[in-house]
Amino acid sequence: VHGFPGMLGSLDCVHWEWDNCLNAYQSLYTRGDHGYPTIILEALASQDLWIWQAFFDYVGSLNDINVLNMYLLFYDMYNRTSPDSSFQVRVASYRYEYYLVDGIYPEHVCFVKSLSCPNDCKMLKFKRAQEKARKDVERAFDALKKCWHILKYFAVFV
């Protein structure tokens with residue numbers, strides 16, 4: 001849909017405030033940069049807001065990289081046992097499909113980050129298209145948050 005051959009989707013992590021965390025556990029589930037207990041969700045989403053893979057955890061001290069290391073989605077790629085899913089863009093051949101990620105993710109063959117300093121109009125246009133495509137996972141998180149708030153509202157009346 002976005003015009004990026006071989007792209008499987010966008011990958012990102014979000015920390016949601018955990019309203020119902022017991023007082024005894026709040027320090028365990030609170031990150032220093034948030035100041036309140038959080039639940040972490042790392043998800044892989046496509047353009048239609050379909051979440052293909054998700055990882056939930058409660059420990060607030062986890063960050064994107066800690067979660068990534070526990071995420072079984074990339075186990076085969078890291079061990080180079082994943083199936084060959086070759087594709088070609090112009091004259092360049094690629095063996096693995098990829099995910100769009102933000103700057104915190106490590107350098108890896110399956111992660112594509114946005115260009116940091118585009119030096120001409122063509123590269124700037126490409127960077128904007130990449131960033132637009134990466135917003136898919138952000139939109140999926142927003143949709144989940146809206147559903148969560150609606151469910152919490154109805155749970156009060158049950």
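Preceding this section is the structure that the text describes.
Rules used throughout
Residues numbered from 1 in each chain as written. Predicted model: local features only at pLDDT ≥ 70, side-chain atom pairs only at ≥ 80, totals over all residues. Heavy atoms only, no water. Helix = DSSP H or I, 4+ residues; strand = E, 2+ residues; numbered from the N terminus. Buried < 20%, exposed > 50% of the residue type's maximum accessible area, 1.4 Å probe, protein only. Pairing = 2+ DSSP bridges. Lys, Arg positive; Asp, Glu negative; His and termini not counted. Salt bridge = Lys/Arg side-chain N within 4 Å of Asp/Glu carboxyl O. Polar contact = N/O pair within 3.5 Å; in protein donor to acceptor, adjacent residues only side chain to side chain.

Enquirer: Explain the overall build of the protein chain to me, please; I cannot follow it from the model alone.
Expert: Tallying secondary structure elements over the protein chain gives 3 helices and 7 strands in all. Listing every helix and strand of the protein chain by position from the N terminus yields β-β-β-α-α-β-β-β-β-α.

Enquirer: When you look at the pairing of strand β1 (residues 7-17) in this model, what are you seeing that I'm missing?
Expert: Regular strands place side chains that alternate from one sheet face to the opposite one. Across the 11 residues of β1, 9 count as buried, placing the element largely inside the fold. Bridge count between β1 and strand β6 (residues 98-101): 3 bridges; the pairing is parallel. Opposite Gly9, over in β6, you have Tyr99 as the bridge partner. Note that β1 and strand β2 (residues 38-45) share 8 bridges and pair antiparallel. Within β2, the position partnered with Ser10 by the bridge is Ala45.

Enquirer: Sorry, what's going on with the side chain of Glu42 here?
Expert: Tracing the sequence through the fold places Glu42 in strand β2. For the buried Glu42, no salt bridge is present, and the opposite-charge side chain at shortest range is Arg134, 9.3 Å distant. Here the side chain of Glu42 touches Tyr105 through a polar contact of 2.5 Å, side chain to side chain.

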